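Residue strings, one per chain:
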Amino acid sequence: MAPGPAGRTPVFERRTTDGGGGGTGGGSAERIVALTFDADMTADQGPRAASGERFDNPELVDLLRRLKVPSTVFMTGRWAEEYPAQAKAIGADPLFEVANHSYSHHAFSSPCYGLPVVAKNAMTRDVERAFTAFRKAGVRNVVPYFRFPGGCYDDTALRALAPANVTAVQWDVVSGDAFATDADAVAEQVLDGVRPGSLVVMHCTRSAAPATEAAVRRIVPELRERGYRFVKVSELMEDSA
């Protein structure tokens, strides 16, 4: 996407699907949806990982492969450092694309779910550090998209991140999978919220989102029965202006 007004980082939330003057041709009403998965790990969670807490979810990734669901994974740099083989495998699979979810998973505005806050003059550096972690892990299929930790941002953050040349990607459907244990409740929230052009936020972290894999097992076939096609964020952005 082009830079936002006054040099702010542009923000994308969903594809325009109304039948008005925007978009091109009949694609504006196409039943497409993007499932996105945040691979969260904060900079200070190394000891928890060392003690056995799992911030990855390889079973979920394998499920997406078996179901052939194109997806965008918003990965923190710290996650790529902790699980370099998995990060490389995800990035090497043409089914997926890898986007930036910061290095530290600290907040870019406050308050934000109790997360520590990145200083304004360190925001671009934090994003660049994540891209560096991806390169060191050998991650390919990296796209210039960024998701704010917690989805929290303000005008200051948008201005501070402009030099990073990324597009901020939000969502219009909250899955509610974070810390959820009821997979059916997560699935129903997604199925109730999805519209043509929707962008769904989910998580790829077993310890913080233990019900996601089971929810996806229900979400994918039901949306396909409704005529939906799954796409990556990069495809969702096409003709969205």
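Above this text is the structure in question.
Counting starts from 1 at the beginning of each chain's written sequence and moves along it residue by residue. Local features are withheld for residues below a pLDDT of 70 in this predicted model, meaning they are given only at 70 or higher, and side-chain atom pairs are given and counted only at 80 or more; totals for whole chains, interfaces and linings count all residues. By convention in this description, side-chain values take in all heavy atoms of the structure and omit both hydrogens and water.

## Re the nonpolar core
Moving on, step 1. The set of buried Ala, Val, Leu, Ile, Met, Phe, Trp, Tyr and Cys residues whose side-chain atoms join them within 4.5 Å is what this entry labels a nonpolar core. Accessible area is worked out with a 1.4 Å probe on protein chains only. A residue is then buried under 20% of its type maximum, exposed over 50%, and partly exposed in between. Of all hydrophobic cores here, the largest spans 62 residues; its most connected members are Met 75, Trp 79 and Phe 108.
Moving on, step 2. Here, residues are in contact when the closest pair of their heavy atoms is within 4.5 Å. Setting aside chain neighbours within four positions, we find Met 75 in contact with Ala 39, Ala 80, Ala 87, Ile 90, Val 98, Ala 99, Asn 100, His 101, Ser 102 and Phe 134.
Moving on, step 3. Membership of the second largest hydrophobic core comes to 13 residues, among which are Val 231, Val 233, Leu 236 and Met 237.

## Some words on the packing of helix α7 (residues 183–193) against helix α8 (residues 212–225)
Moving on, step 1. Relative orientation of the contacting elements α7 and α8 amounts to 35 degrees, with a least axis distance of 8 Å. Considering how the two elements wind past one another, α7 and α8 form a crossing that is right-handed. Contacts from Ala 183, Asp 184, Val 186, Ala 187, Glu 188, Val 190 and Leu 191 of α7 reach α8 at Ala 214, Ala 215, Arg 218, Ile 219, Glu 222 and Leu 223.
Moving on, step 2. Each residue is assigned to one of three groups, with Ala, Val, Leu, Ile, Met, Phe, Trp, Tyr, Cys and Pro labelled nonpolar, Asp, Glu, Lys and Arg labelled charged, and all others, Gly among them, labelled polar. Classifying every residue of the contact of α7 with α8 by side-chain character gives 9 nonpolar, no polar and 4 charged. For helices, the axis comes from a line fit to the C-alpha atoms of the stretch in contact; other axes are also lines fit to C-alpha atoms, and the angle between any two N-to-C directions lies between 0 and 180 degrees. Secondary structure follows DSSP: runs of H or I at least 4 residues long count as helices, runs of E at least 2 residues long count as strands, and numbering of each begins at the N terminus. Handedness of a crossing follows from how the near helix is turned relative to the far one, being left-handed for an anticlockwise turn of less than a right angle and right-handed for a clockwise one.

## So, the layout of surface pockets
Moving on, step 1. In this structure, the largest pocket occupies an estimated 610 Å³ of space.
Moving on, step 2. Lining the largest pocket are 25 residues, and of these Asp 40, His 105, Ala 178, Phe 179 and His 203 sit closest to its centre.
Moving on, step 3. In the lining of the largest pocket, the residues fall into 9 nonpolar, 11 polar and 5 charged. For cavity detection a 1 Å grid was placed over the protein atoms alone, and a set of points counts as a cavity when a 1.4 Å probe fits there but cannot get out; an open set counts as a pocket when protein lies on both sides within 12 Å along at least five of seven lines, with lining residues being those that have an atom within 4 Å of a point. Grid points are joined across faces, edges and corners, and a volume is the space filled by probe spheres set on the points.

## What about the packing of aromatic side chains?
Moving on, step 1. Any pair of Phe, Tyr and Trp rings, taking the six-membered ring for Trp, is counted once the centres come within 6.5 Å. Such a pair is stacked with planes under 30 degrees apart, edge-to-face with planes over 60 apart, and tilted for the rest. Counted by the stated rule, this structure contains 6 aromatic pairs.
Moving on, step 2. Summarising the aromatic geometry, the rings of Phe 148 and Tyr 153 are spaced 5.1 Å apart at their centres and angled 20 degrees between planes, so their arrangement reads as stacked.
Moving on, step 3. Here Phe 148 falls in the buried class, since its relative accessible area comes to 0%.
Moving on, step 4. Judged by relative accessible area, which is 29%, Tyr 153 ranks as partly exposed.
Moving on, step 5. Of the aromatic side chains, those joined through ring pairs into one cluster are Phe 108, Phe 146, Phe 148 and Tyr 153.
Moving on, step 6. Any Lys NZ or Arg CZ found within 6 Å of a ring centre and within 35 degrees of that ring's normal is scored as a charge over the ring. Against the face of Tyr 103 rests Arg 129, its NZ or CZ located 3.7 Å from the ring centre.
Moving on, step 7. Over the ring of Phe 74 we find Arg 147; its NZ or CZ atom is 4.0 Å from the centre of that ring.

## Notes on the pattern of salt bridges
Moving on, step 1. Salt bridge criterion: a side-chain nitrogen from Lys or Arg within 4 Å of a carboxyl oxygen from Asp or Glu. All chains considered together, the criterion is met by 17 salt bridges.
Moving on, step 2. Of the charged contacts, one joins Glu 82 and Arg 78 as a salt bridge, the two residues approaching to 3.0 Å between their closest N and O atoms. Placement of the pair is Glu 82 and Arg 78 together in helix α3 (residues 77–82), with a separation of 4 residues, close to one helical turn.
Moving on, step 3. With a relative accessible area of 12%, Arg 78 lands in the buried category.
Moving on, step 4. Asp 184 is the salt-bridge partner of Arg 218, the closest N and O atoms lying 3.3 Å from each other.

## Observations regarding unusual backbone geometry
Moving on, step 1. Cis geometry is adopted by the peptide bond preceding Pro 111, which originates at Ser 110 and carries an omega value of 0 degrees.
Moving on, step 2. Structurally, Pro 111 can be placed in the loop between β4 (96–100) and α5 (123–137).
Moving on, step 3. Backbone geometry at Lys 68 places phi at a positive 55 degrees, although glycine is not the residue there.
Moving on, step 4. Mapped onto the elements of the fold, Lys 68 is located in the loop between α2 (58–67) and β3 (71–75).

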